Amino acid sequence: MNDQSDSICALSTPAGRSGMAVVRVSGEKSFQIVRSIFSPAKHFESPPARLAMLGRIVDPVDGSVMDEAVAICFPSPHSYTGEDMVEISLHGNPVLVATLLDFLCTCGARIAEPGEFTMRAFLHGRMDLTQAEAVRDLIEATTRRQAQAAAMQKSGTIALQLKPVKERLIEIIANLESAIEFVEEDLPLRSREAVVEQLRGLQDNLGKWIDSYRQGKIIRDGFSMAVVGSPNVGKSSVFNALLAQDRSIVADAPGTTRDLVSEYANMGGIPVRLMDTAGIRQSNDPIEQLGMERSQQAIADSDAVLLVVDSSQQPSSEDVDLRNGIELRTCIIVVNKCDLPSLWTLEQMERFADRLPLVVVSAKTGSGMEQLRAAVFNGIMGTPAGWQDGIMVTNLRHCRCLENAKEQLERAASALIGGMSEEFALTDLHEALKSLGEITGDTHVEDVLAKIFANFCIGK
Ligand SMILES: Nc1nc2c(ncn2[C@@H]2O[C@H](COP(=O)(O)OP(=O)(O)OP(=O)(O)O)[C@@H](O)[C@H]2O)c(=O)[nH]1
Ligand SMILES: [Mg+2]
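Criteria and thresholds
Residues numbered from 1 in each chain as written. Chains lettered and ligands numbered in written order. Predicted model: local features only at pLDDT ≥ 70, side-chain atom pairs only at ≥ 80, totals over all residues. Pairing = 2+ DSSP bridges. Helix = DSSP H or I, 4+ residues; strand = E, 2+ residues; numbered from the N terminus. Axes fitted to C-alpha atoms, helices over the stretch in contact; angles between N-to-C directions. Parallel < 35°, antiparallel > 145°, perpendicular 65-115°, else oblique. Left-handed = near helix turned anticlockwise from the far one by under 90°. Contact = placed C-beta atoms within 7 Å. Nonpolar A, V, L, I, M, F, W, Y, C, P; charged D, E, K, R; others polar. Domains from an automatic or database assignment. Near = placed C-beta within 6 Å. Buried ≥ 20, exposed ≤ 12 C-beta atoms within 10 Å, placed from the backbone.

Let's shift gears to the pairing of strand β5 (residues 65–74). Here strand β4 (residues 53–58) pairs with β5 via six bridges, running antiparallel. Paired with Gly55 across the two strands is Ala69, which belongs to β5. The hairpin formed by β4 and β5 contains six residues between the paired strands, and Gly63 there has a positive phi angle of roughly 75°. Bridge count between β5 and strand β6 (residues 85–92): five bridges; the pairing is antiparallel. Across the sheet, Val70 pairs through a bridge with Ser89, a residue of β6.

In structure tokens, the structure reads:
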């Protein structure tokens, strides 16, 4: 880990030309360092707290003026990092920013590592680990729903939800420890069973949170969906309609789409990577064959599949083969061209879909497209068990810690049922508590921290 006694500086706004750029300085010496390069228009005896000071950035060596700027001092502990901090707003020009950072380094600061500001905020108790991770998620959110999930986590909900579970576990540990201390023999079977029952209750809780990760991951990372089917059924038209743009070429001739075409769409606040694919049929054309190989790969790789069929044509053997091939995938049957007379009976459609959701649309008129969006959202998200309780685990690290804790509780319960000494169970219970603590960073380990903060951008 980096030296925490250093004063650090970095550009906090995107690099490039803009109206304004913000450079942050944090650390014990930050006020002193900034005083050497910033000359306020008005004289201040000491750095005023949270007051915007107009002034000039000056070269610490020859005193020449570089830019007009606004500096705001945030004295410790009421700052983002919990240390003395200064935010300098200057004109957004890469040369000016580089020169300012150079001046700051000349006066004793160093360039911050990625995530170092937030890591300091964590180390100074300004936020727990889940809140620090939420800062990164908030910056990286591409949809409003993702931003909402990150903002909720940033407000400290995870620590709040974990608290009663940890308290119950601590209570179980304390009771078990005092029972061992004061009772000479082993605990009677009845007492052991009571403890096991309490542990099962905790495991159920953790299990619900772990289950919510499937949906949480989708909100955080999005998912991929391939639009597949036989040639000319309207795959590219459905793809374009979902994107609300003419991204893929649509034409009367079958075999129009040869390669994968992919684009991001926002579906119910979830970023979806949609892939238009080449129609699948028997063909001797080597280029078309290559395209079809890519279609098959897209079916295998994507999280979900939209299987498009054309209701103005009789069901084809290609349709049936494709339908049978994707039996085990998250799949929605899209019956397209409903603006034309249908050659599929209702019964044929139902038999074809079997248990899969089916939506009748016309990519041409837009009819049924809203239902299709809703079906995609529901199909991929399902009805998450945890949602009712407002619980949503979106981070793989949190999920792993919860799984470890659940497993350790299971081991403790098995030890108690199996008649092993209570000490064994206690060791596992302490481990479970540690795993839960790791989520918020109560029991932080240096290499875990380094890994988490390395994914941040510099200046945050
Ligand atoms: N009437 C009607 N025609 C449609 C509809 N959707 C697509 N088409 C027409 O069907 C033809 C094929 O459409 P595409 O979207 O290119 O079909 P595709 O499945 O991508 O075809 P390939 O890429 O060749 O496999 C075009 O002439 C479209 O205008 C629809 O909902 N109604
Ligand atoms: Mg196409």
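Alright, that's what it looks like, and here's the rest.
Next up on the list: the packing of helix α3 (residues 116–123) against helix α4 (residues 129–140). Between α3 and α4, whose axes approach to 9 Å, the crossing angle comes to 160°. With respect to α4, the element α3 is oriented roughly antiparallel. When you trace α3 past α4, the crossing you get is right-handed. Contacts between α3 and α4 involve Thr118, Ala121 and Phe122 from the former and Leu129, Ala132 and Val135 from the latter. Considered class by class, the residues forming the contact of α3 with α4 number five nonpolar, one polar and no charged.

Here six strands make up an open sheet; going across it, the order is β9-β10-β8-β11-β12-β13 and the pairing mixed. Strands with a single pairing partner mark the edges of an open sheet, and in this sheet they are β9 (261–267) and β13 (358–360). Strand-to-strand twist across the sheet, computed as the mean angle between neighbouring axes with direction ignored, equals 25°. In terms of strand pairing, strand β12 (residues 330–336) meets β13 through three bridges, oriented parallel. Directly across from Ile333, in β13, lies its bridge partner Leu358. Helix-sheet contacts for helix α8 (residues 235–243) involve β8 (223–229), β9, β10 (270–276), β11 (304–310) and β12, and the interaxial angle to β10 is about 160°.

Moving on to the sheet that holds strand β2 (residues 18–26). Spatial ordering of the open sheet is given by β3-β4-β5-β6-β2-β1-β7, a layout of seven strands whose pairing is mixed. The outermost strands of the open sheet, each flanked by one partner alone, are β3 (38–40) and β7 (109–111). Taken over all neighbouring pairs, the strand axes of this sheet differ in orientation by 35° on average, direction set aside. When strand β1 (residues 7–11) meets β2, the two strands line up antiparallel, connected through four bridges. Paired with Ala10 across the strands is Arg24, a residue of β2.

When its domains are assigned, the chain resolves into domain 1 (7–127), domain 2 (139–218 + 395–441) and domain 3 (222–381). Placing the centre of domain 2 and that of domain 3 at their C-alpha centroids yields a distance of 43 Å. Every contact between the two is made by six residues of domain 2 and, on the other side, eight residues of domain 3. Taken together, the elements giving at least two residues each to the side of domain 2 that touches domain 3 come down to α5 (144–154) and α7 (189–221). Per-class residue counts for the side of domain 2 that touches domain 3 are one nonpolar, three polar and two charged.

Here the focus is the site of ligand 1. By nearness alone, 23 residues border ligand 1, and Gly234, Ser236, Ser237, Thr257 and Gly279 come closest of all. If one sorts the elements of the shell around ligand 1 by residue count, α8 sits on top with three residues. Tallied by class, the residues present in the shell around ligand 1 amount to seven nonpolar, 11 polar and five charged.

Moving on, we come to the environment of Ile391. With respect to the helices and strands, Ile391 occurs in the loop between α12 (369–381) and α13 (396–417). Taking the C-beta count within 10 Å as the criterion, Ile391 has 18 such neighbours and is therefore assigned partly exposed. On a C-alpha basis, the gap between Ile391 and Thr157 in space is 8.9 Å, while along the polypeptide they are 234 residues apart.

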